[in-house]
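# Coordinates in review
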Amino acid sequence: MHGPEWGPSWSNTLISVRQVAQRNVGRRTAGIDGEVALTSIERMKTARQVHHSRATWDPLPVRRVYVPKSNGRQRPLGIPVIMDRCHQARVRNALEPEWEARFEPKPYGFRPGRSCADAIGALHVTLRGANRRVWILDADLSAAFDRISHDALLAALGSFPAKGMIRDWLRAGVIENGSFASAEEGTPQGGVISPLLMNVALHGLETAAGVRYYESVSWAGKTRRTSPVLVRYADDLVVCCHSQRQAQQVKDNLARWLAPRGLAFNEDKTQIVHLTEGFDFLGFNVRRYPNGKLLIKPSPAAVKRIRERLAAEVRALRGGNAARVITKLSPITRGWAAYYRGVVSSEIFASLDHYAWKLLYKWAKRSHPTKSKRWIIRRYFGRFNKFRNDRWVFGARDRLDRTGRPFYLVKFCWTDIVRHQVVTGRSSPDDPDLIDYWVSRRRRVTPPLDSYNLRLLDRQKGRCPLYGDHLLTTDQPPQSPHEWERWWLGTARRAIAADYLTHQGRSGQDGDRTRLVHTSCNQRLHARHRREISRQPATPSRLA
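The text that follows walks through the structure, step by step, so that each part is easy to find. Note that the coordinates shown come from a computational prediction; the quantities given were computed from them, not determined experimentally.

### So, the pattern of salt bridges
- Following the criterion strictly, the structure yields 6 salt bridges and no others.
- With its nearest N and O atoms 2.7 Å apart, the salt bridge here joins Asp390 to Lys411. Of this pair, Asp390 sits in the loop between strand E12 (381-382) and strand E13 (393-400) while Lys411 sits in the loop between strand E14 (406-408) and helix H16 (435-442), placing them 21 residues apart in sequence.
- The class of Asp390 is buried, set by a relative accessible area of 16%.

Here it is in structure tokens:
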């Protein structure tokens, strides 16, 4: 498996370059050479360079940058050059399937098909009801990415063909403020392959903690009654134990296991607590209340951070118009609500909406100090969303979105609470026996391919009209609705796994027409349109 993927695979090269230069958030960030690939011509040139240099490339040092952390400190990141990032993506694509088949069930960080929501869901399943694991080891590893032992990590990789290149990346060094520093330990946090290497280095953590699973097929993925349960996301981990003594033993065992790998607990963030006291994990607070009920909510620290961020953003927007405020705040409210939509968040969503209303009212009063309270409310608040019976929505009456409707701020409470379905056991997207399982997990926003959607696919010749990509993954797009239907019934259910589709209405000379587009393309289009609206000069308001 490693040979074809790592060796002559041109497909692997193209996928890697697309991921690094087109999809990743940091695609515009350059390494020490200042090079990026933001156009299709530059990406194709990069792909050829990557493919032809796969056996001769010498990794370059990373560029050290710092990003702020929630506690006020700074996190060091190492940004490789784009060629190194593409090579790392190639190696990761070859290495990841092997380790996905070997990883333990409950590490959830930086793994395909797994997320923070799965980690929190696993804790809920473990601790709910009459569970007796009421003592919690809440632990954090100290500077894990910066302290991983190179020797231990390379030994874990065994005979992987690209092991030599991985060793060179680990030892490439760092350039900061024009000076070079060698790297004797750690893997650069910011490298494409670094999260996978972190998971490889921590493989075996559950076994070291004494976690034991049932061996029978019917009980696969279930921990034994007397066994602790360990849930890990990257370098944050929680161990649920039956007694305080067991929790202390687990901590001691893990400390001994981590030492040869160059890792240790951050004692300031590591504690043993009772479930009735509660603990914070990944921005959530997990606690069993006096009535015996387990509730998972957004943590007080996370709520405080979002309040401070909203206040800071609104303060920075003084002197701007309402469209700029909406453009800036909408991604924040949508993203925060989407992250916490799987837990008990309704009351907190409502309180944040009220807090945002106060901030925006003060912003409006400051923008129009001579206007009356009634004028302010009539100008900036109203029932902008016709699907919501809410007349206190903040909007821009002098701006229209691309559909001709008023431009308004989405509220936190408009996000429905939806319980997340935890991924099953060791299930991997690379397992060919589980294709139907992963398709069912990803199909929730995909329109059914009924006769109406089949006609749309046929009219659009199977392509997304926004960016021209195929709507469905297929080697030979069908040429008629009948062929689309037959193809769907045969193989499309497997191929559609990664494609989410959305209906989009557009205005034209022949009236509104519906198109079938990729959800991601539609989101990019709306984001670009919001930016264009925020840059437009304000027009006189009807209420001015």
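### Comments concerning the environment of Arg366
- Residue placement: Arg366 occurs in helix H14 (residues 346-367).
- Separated by 48 residues in the primary sequence, Arg366 and Arg318 have C-alpha atoms spaced 7.9 Å apart.

### Description of helix H8 (residues 163-170)
- For H8, the set of buried residues is Met165, Ile166, Trp169 and Leu170. The buried residues of H8 occupy one face: seen down the axis, they fall within an arc of 140°.

### Notes on the nonpolar core
- Ranked by size, the top nonpolar core spans 63 residues in total, and within it Leu127, Phe279, Phe281, Trp336, Trp363 and Phe394 carry the most contacts.
- Per-element accounting of this core gives the leading share, 9 residues, to H14.
- The residues contacting Trp336, other than those within four sequence positions of it, are Pro298, Ala302, Val303, Ile306, Ile348, Phe349, Leu352 and Phe412.
- Membership of the second largest hydrophobic core comes to 56 residues, among which are Ala37, Leu137, Val200 and Trp257.

### Concerning the sheet that holds strand E5 (residues 179-181)
- If you trace the 4 strands from one edge of the open sheet to the other, you get E2-E1-E4-E5, paired in mixed fashion. Pairing within the sheet leaves two strands with one partner each, and these edge strands are strand E2 (74-79) and E5. Between one strand axis and the next, the sheet turns by 40° as a mean value, whatever way the strands run.
- Alignment of strand E1 (residues 62-68) against strand E4 (residues 174-176), held across 2 bridges, turns out to be parallel. When the sheet's bridge partners are listed, Arg63 is paired in E4 with Ile175.

Cut-offs and rules
- Residues numbered from 1 in each chain as written.
- Predicted model: local features only at pLDDT ≥ 70, side-chain atom pairs only at ≥ 80, totals over all residues.
- Heavy atoms only, no water.
- Salt bridge = Lys/Arg side-chain N within 4 Å of Asp/Glu carboxyl O.
- Helix = DSSP H or I, 4+ residues; strand = E, 2+ residues; numbered from the N terminus.
- Buried < 20%, exposed > 50% of the residue type's maximum accessible area, 1.4 Å probe, protein only.
- Arc of directions from axis to C-beta.
- Core = buried A, V, L, I, M, F, W, Y, C linked by side-chain atoms within 4.5 Å.
- Contact = heavy atoms within 4.5 Å.
- Pairing = 2+ DSSP bridges.
- Axes fitted to C-alpha atoms, helices over the stretch in contact; angles between N-to-C directions.

Shape is all these values report; function is a separate question.
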